[in-house]
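Each chain, letter by letter, is given below.
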Amino acid sequence: MIYYIGAFGLVFIGLYIILTKRNLIKVIIGLNILDTGVNLFLISVGYVREGTAPIFSRGSGQVLMVDPVPQALVLTSIVIGVAVLALALSLAIMLHKHYGTLNLQKVKEQKW
Amino acid sequence: MVSPVLLIAVPLGLAFAVPLLRLISRRIPKYIPPVAMLFNLVLSVSLMSSTLKEATVVSIGGWDPPFCINLVVDSLSILFSVLIALVGFLVSIYALDYIEMGATENTEKYHMLYLLLLVGATGVVLTGDIFNLFVFFEILCISSYALVAYLGDKAGVESGIKYLIQGAIGSSLILIAIGILYGMFGSLNIADIASNINSIGSIALFIPLALLVTGFGIEGALFPLNGWLPDAHSSAPSSVSAILSGIAIGVGIYAVARVIFTLFGVSSIFPFLAILGVLTLLVGEASAFKQNNLKRMLAYSSIGQIGLIVFGLGIATYHGISGGLFQVVSHALGKSLLFMAAGYMIYRTGSMDISALKGIGERMPLTSIAFTIGAFSLVGLPPFVGFASKFLIIQSALLKQDVLFFVLAVLVLLATVIEVAYFLRVCQIIHFKEGNNQKKEDAPLVALIPMFILVSLIIIIGIYPNLVFDFLNSAASGLLDKLAYIEGVL
């Protein structure tokens, strides 16, 4: 249970940062915290109390193991997160070149 | 029979081969996307007849479903796959010249990202595994963020970062929902989850459903979630706007439909979906009406078209769904044609303002005709394809004999009137306003050919809608009949 609370705590902290901060870098950090929260949630879905890493070895017999599928998912999700983060940071650099600021309140040429 | 895996594997391999082939010659990269998409088009069309009878299931890794990652190629998937390959092929031919214009650096990045976008889209429509769906969706999203900011100008970067932030939140929501579903069912296979979905109470299912619809709805541009769309579609290069408007949104809608119809199979959400669709339609058309910027107007019109598609799906009768899918087809053909024509018009006039288009009808006669036909088709004038699809949606809404759907159908017709007003205004400026006469300089041949292929498709399918009806009906019944889907896979 404590893992779920921690995971969704991170998710909500991330969302709060994205929604309230005006500095683009902080928003990107918020995205990353949100991502971490989701990853932690996925890991805790597959967690088995006192389970070991799901690696088969000779002679290990029957041992309690955690579910390997969510771990594979998290691996993929981390990679995707890295790609999004790298792209976001490179766009932030370009945005700073054009506007000379990272304050999102001052970047509003496109309107509905 | 050729395996449908090649639909994903070949373009994916070629996409990453682009930078390598660039080392051999600078001229090769731009021919890779047309080749890959032509391959996909031929393969998808050849798979069409077999999927009409039953879905093809490809298991990867030698395990049986639900333990493996599988591709489920039913008629709905192949309908989208053909559409993606067709529009992708035509737009990539168009981009051969368009993207080189005024380019200061090499364009191989564009071609690679473009192919990756189409691979992501194809993967989303073919996969039968919900996490795989997410991964392909992310390929689609990340390459479209990068393509929106491809030019690196002020507007592009701003809309790119906006799109990225909203898209990233959306994909996190999808991932949370996947985690919850895995926790409940211990499976990631769509058919497996769908067959066990009734074992869990409906309240507990509401959270993953809401998260998935919100997450995919951001890419599919459902009404409260489409703040990124007008910026992204109007700031991107026109070839990218064409593919984003024609394909990427449609794929988002496909994902929403798959989740609602197949994965959850909830019928109580359909009136909500229909109302959401009409709301999206009205907001989109009303915003398009007051635009002075040509590409922004087209982008808002895309929002409106998406609303119409969602309305068609929300009717949830057999004819309503085939009408919605027909609208996906007519939107993909019409809107990519409009963006392609608008790309060269904007380049020739040097301005995105609608008022700058005066006299362009004399200056670029063929492009203007293509633009006009695309506009007429979207508005829904016979004999173009847009008429057939709109007619089918309105007809099935009235056949439902429900007061709610009657009112919604009236609102749809009202939105169509707004649509007529702004499209005809543009057409009037193009054809009847005298400009300062300049010499004729039409778009180059390599751009005109894909445009006129689209024009002829719009007219042919518009006159003979029966050509596609069989296929649309089969796709619609595939969406409605979730038991057949489950039995086909497991």
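All names here are of chain B. Counted by the stated rule, this structure contains five salt bridges over all chains. Across the pair Asp 231 and Lys 162 runs a salt bridge, and its minimum N-O distance is 2.6 Å. In this pair, Asp 231 is assigned in helix 9 (residues 229–235) and Lys 162 in helix 6 (residues 154–185), connecting sequence segments 69 residues apart. Given the relative accessible area of 1%, Asp 231 is considered buried. Put simply, Lys 390 and Glu 419 hold a salt bridge, and the shortest N to O gap is 2.7 Å. Taken as a pair, Lys 390 in helix 16 (residues 385–399) and Glu 419 in helix 17 (residues 403–432) lie far apart in primary sequence, 29 residues in all. Here the two residues Lys 390 and Glu 419 agree in accessibility, since each one is buried. A single network of salt bridges, built from pairs that share partners, joins Lys 162, Asp 231 and Arg 296.

Do not read the fine detail of predicted coordinates wherever pLDDT is low. Confidence along chain B averages 87 in pLDDT terms, with 99% of residues attaining 70 or more. ipTM for the predicted complex: 0.93, alongside a pTM of 0.93.

All names here are of chain B. Of note, the bond from Pro 382 into Pro 383 is cis; its omega dihedral lies within 30 degrees of zero at 5 degrees. Its location among the elements puts Pro 383 in the loop between helix 15 (365–379) and helix 16. If you check the backbone angles, Ala 316 has positive phi at about 65 degrees while not being a glycine. Following the sequence through the fold, Ala 316 ends up in the loop between helix 12 (294–315) and helix 13 (318–349). A positive phi is found at Gln 401, a non-glycine position, where the angle reads about 50 degrees. With respect to the secondary-structure elements, Gln 401 resides in the loop between helix 16 and helix 17. Judged by relative accessible area, Gln 401 falls into the exposed class, the value being 73%.

A few words now on a nonpolar patch on the surface. A surface patch of nonpolar side chains, amounting to about 470 Å² of accessible area, comprises Leu 398, Val 403, Phe 406, Val 407 and Val 410 of chain B. Along the polypeptide, Val 403 of chain B turns up in helix 17.

Mapped onto the fold, Ser 396 of chain B is located in helix 16. Ignoring any residue separated from it by four or fewer positions in sequence, one finds Ser 396 of chain B in contact with Ile 315, Thr 317, His 319 and Gly 320 of chain B.

Residues and elements named next belong to chain B. Helix length check: helix 16 (15 residues) gives 21 Å between terminal C-alpha atoms against 21 Å at 1.5 Å per residue, within 8%. Buried residues of helix 16: Val 385, Gly 386, Ala 388, Ser 389, Lys 390, Leu 392, Ile 393, Ile 394, Ser 396 and Ala 397, and no others. Tucked into the core, helix 16 has its buried residues touching helix 12, helix 13, helix 15, helix 17, helix 18 (445–463) and helix 19 (466–480).

The next subject is the packing of aromatic side chains. With the rule as written, the count across this model stands at 18 aromatic pairs over all chains. Summarising the aromatic geometry, the rings of Tyr 98 of chain B and Tyr 344 of chain B are spaced 5.6 Å apart at their centres and angled 75 degrees between planes, so their arrangement reads as edge-to-face. Highlighted residues: Tyr 98 of chain B in helix 3 (residues 75–98) and Tyr 344 of chain B in helix 13, separated in sequence by 246 residues. By the burial criterion, Tyr 98 of chain B is buried, and Tyr 344 of chain B matches it. Through a chain of ring-to-ring contacts, three or more aromatic side chains come together here, namely Tyr 4, Phe 8 and Phe 41 of chain A. The side chain of Lys 400 of chain B reaches across the aromatic face of Phe 405 of chain B, ending 5.0 Å from its centre. Arg 425 of chain B extends its terminal NZ or CZ atom over the ring of Phe 289 of chain B, reaching a point 5.9 Å from the ring centre.

Tallying the contact residues gives 43 residues for chain B and 37 residues for chain A. With both chains or domains summed, chain B and chain A bury close to 3200 Å², and 77% of this area falls on carbon and sulfur atoms. Area buried by chain B at its contact with chain A is led by Lys 154, Glu 158 and Tyr 182 of chain B, which between them contribute 19% of it. Counting across the chain B and chain A interface gives zero salt bridges. The tally of links from chain B across to chain A stands at three residue pairs in polar contact (both at pLDDT 80 or more). Those elements that provide at least two residues to the side of chain B that touches chain A are helix 5 (130–148), helix 6, helix 9, helix 11 (270–289) and helix 12 of chain B. With 19 residues, helix 6 of chain B is the single largest residue contributor to the side of chain B that touches chain A. Grouping the constituent residues of the side of chain B that touches chain A by class yields 23 nonpolar, 12 polar and eight charged.

So, how was this worked out
Residues numbered from 1 in each chain as written. Chains lettered and ligands numbered in written order. Predicted model: local features only at pLDDT ≥ 70, side-chain atom pairs only at ≥ 80, totals over all residues. Heavy atoms only, no water. Salt bridge = Lys/Arg side-chain N within 4 Å of Asp/Glu carboxyl O. Helix = DSSP H or I, 4+ residues; strand = E, 2+ residues; numbered from the N terminus. Buried < 20%, exposed > 50% of the residue type's maximum accessible area, 1.4 Å probe, protein only. pLDDT = per-residue confidence, 0-100. Patch = residues over 30% accessible without salt bridge, like charges linked within 9 Å, V, L, I, M, F, W, Y side chains within 5 Å. Areas by Shrake-Rupley, 256 points an atom, 1.4 Å probe, with all protein chains shown as cover. Contact = heavy atoms within 4.5 Å. Expected span 1.5 Å × (residues − 1). Phe/Tyr/Trp six-rings, centres within 6.5 Å; stacked < 30°, edge-to-face > 60°. Lys NZ or Arg CZ within 6 Å of the ring centre and 35° of its normal. Buried area = accessible area lost by both parts, 1.4 Å probe. Polar contact = N/O pair within 3.5 Å; in protein donor to acceptor, adjacent residues only side chain to side chain. Nonpolar A, V, L, I, M, F, W, Y, C, P; charged D, E, K, R; others polar.

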